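# Architecture and fold: a report
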Amino acid sequence: MSNISTYVVGNFFDKITAPKNIKTGLITALTVLVISQILIFYVFVAARVNPIDSYIDAFKAIFNCPDCGIIALWEMLITAIGLTLLHFKVIVFILSFLVLAGGIFVIRLIPDEWYEIGDLVAIILMIASPVVIIGLALFEILPYLIGSYS
């Protein structure tokens, strides 16, 4: 029984670490990362800020608030970044698309032999992408949640 399970796990690992599957996984991870960041900023953060406010004044307010706590400063930073993204929304959207297209181009440009050598590195990158998505989402959303409930 042990030999059968070892064979099945080995076979599964060989399929996952095939260069084609690694490339597909990295492209999917990059796509989800870019799209999730666009959605978080343009849906959640944009709903929390007043687009009439100036992003320059928002950044100045961060430095002119010596008595503010870390949560208030954090929320002010996310608001300032959100206002900046809203002010330059077309440029940011184009840059997001260029990052996605450039990343896909680089992933496809790398020869398959490099993926075979770096199986573990590629798998770690695929696993790291959801962690980065969750971390960035928490960084962007957590100050609003903490501010609302404190």
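The preceding data block contains the structure.
Residues numbered from 1 in each chain as written. Predicted model: local features only at pLDDT ≥ 70, side-chain atom pairs only at ≥ 80, totals over all residues. Heavy atoms only, no water.

## Observations regarding the layout of surface pockets
Here the largest pocket defines a volume of roughly 180 Å³. Lining the largest pocket we find L33, V34, Q37, I38, F41, Y42, I81, L85, V92, S96 and V99. Taken together, the elements giving at least two residues each to the lining of the largest pocket come down to α2 (19–48), α4 (70–87) and α5 (89–109). Residue contributions to the lining of the largest pocket peak at six residues, all from α2. Of the residues contributing to the lining of the largest pocket, the split by class is nine nonpolar, two polar and no charged. (1 Å grid on protein atoms, 1.4 Å probe; cavity = no way out; pocket = protein on both sides within 12 Å on 5 of 7 lines; lining within 4 Å. Points joined across faces, edges and corners; volume = space filled by probe spheres on them. Helix = DSSP H or I, 4+ residues; strand = E, 2+ residues; numbered from the N terminus. Nonpolar A, V, L, I, M, F, W, Y, C, P; charged D, E, K, R; others polar.)

## Comments concerning the nonpolar core
Core analysis: the biggest nonpolar cluster contains 16 residues, and V45, V49, L83 and Y144 have the highest contact counts within it. Here the element with the most residues in this core is α4; it accounts for five residues. Residues within four places of V49 in sequence aside, it is in contact with T79, L83, L86 and Y144. V34, L100, I107 and Y115 belong to the second-largest nonpolar core, a separate cluster that totals 11 residues. (Core = buried A, V, L, I, M, F, W, Y, C linked by side-chain atoms within 4.5 Å. Buried < 20%, exposed > 50% of the residue type's maximum accessible area, 1.4 Å probe, protein only. Contact = heavy atoms within 4.5 Å.)

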